[in-house]
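Here's the letter readout for the chains.
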Amino acid sequence: MQGVLLIDKPKTWTSFDVVNYVRKIVAAAEGKKPKNTKVGHTGTLDPMATGLLVLLVGKEYTRRAGELSRVDKTYNVTMKLGETSLTGDEEGKKTVVSDITPEKEAVLGALDAFRGQIMQVPPAFSAMKVNGQRAYDLARQGKEVVLEARPVTIYSSELTGYEYPFVTFMSKVSSGTYIRTLVEDIAKKLETGAYMSDLRRTTVGEFKLDDALEVEGLNESVILAGLREL
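Let us look at the structure shown here. Only a predicted model underlies this, so the values are computations on that prediction, with no experimental measurement involved. (Residues numbered from 1 in each chain as written. Predicted model: local features only at pLDDT ≥ 70, side-chain atom pairs only at ≥ 80, totals over all residues. Heavy atoms only, no water.)

1. Some details on empty space enclosed by the protein
Heads up, the condition is: Using a grid of 1 Å spacing that covers the protein atoms alone, one calls a set of points a cavity when a 1.4 Å probe fits there but cannot get out, and a pocket when the set is open and has protein on both sides within 12 Å along at least five of seven lines; lining residues are those with an atom within 4 Å of a point. Grid points are joined across faces, edges and corners, and a volume is the space filled by probe spheres set on the points. Only Asp, Glu, Lys and Arg are considered charged, only Ala, Val, Leu, Ile, Met, Phe, Trp, Tyr, Cys and Pro nonpolar, and every remaining residue, Gly among them, polar.
For the structure shown, the criterion picks out one cavity of 30 Å³ or more. For the largest cavity, the calculated volume is near 60 Å³. Contributing to the lining of the largest cavity are D46, M48, A49, D89, E90, M196, S197, D198 and L199. Here the residues of the lining of the largest cavity sort into four nonpolar, one polar and four charged.

2. Focus on the pattern of salt bridges
Definition in use: Each salt bridge in this description consists of a side-chain nitrogen of Lys or Arg and a carboxyl oxygen of Asp or Glu lying within 4 Å of one another. Only DSSP runs of H or I covering at least 4 residues are called helices, and only runs of E covering at least 2 are called strands; the numbering of each starts at the N terminus. A simple rule labels every residue: compare its accessible area, found with a 1.4 Å probe on the protein chains alone, to the largest value its type can have, and call it buried under 20%, exposed over 50%, or partly exposed in between.
Applying the stated criterion across every chain, the model contains nine salt bridges. For D8, the salt bridge goes to R200, with nearest N and O atoms at 2.8 Å. Of this pair, D8 sits in strand β1 (residues 3–9) while R200 sits in strand β12 (residues 194–204); the two residues are 192 residues apart in sequence, bridging distant segments of the chain. Of the residues examined, D8 reaches a relative accessible area of 9% and is grouped as buried. Salt-bridge contacts for E90 lead to K94; the nearest nitrogen and oxygen are separated by 3.6 Å.

Right, here's the structure in full:
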């Protein structure tokens, strides 16, 4: 078995949970041990996020993971205004910071302010490395995490709904963009706080969520039918 496999990652599953699940099925089909079976991905999703996860099956494809990860992505985002989260998402400890109710025009203006190439500081709770250690490991230990801003591109952020305190929008961004940080930056523009309450990835480069397989029901025949060549 080899090729690209598109999966709709369910909520609470880590990306590695999905990789390991598929690896066991592929290994069993090929009569190998899972540790000798090559399955990787082109970019993780946080456990509470859902949507398109692009898996690579077979040595020929896993060796191209770096190349295939440097592509644009599209997300459906929900942010909750008036509260911040320690982790920037639903999992972290929340703090109420404001009861300001921005007008829709202000929300539209804030979304528009973050368009094109911007400098973005990755969140402390991220997989970025600081002196060889993952930033999220340091953050969980209560240590200060200092990360440098880096350029990312926000191609578009289109408002799809607003009923305070929830704002929903669709955003197409470059590889390496942190939506949690984008949400916090938008909130600052609105002179309030916010956190990312829901995230669903809908495209990764040329690949679309509409073509993805559900984890439930995966087996050898379903995977074989779902594998695609590049």
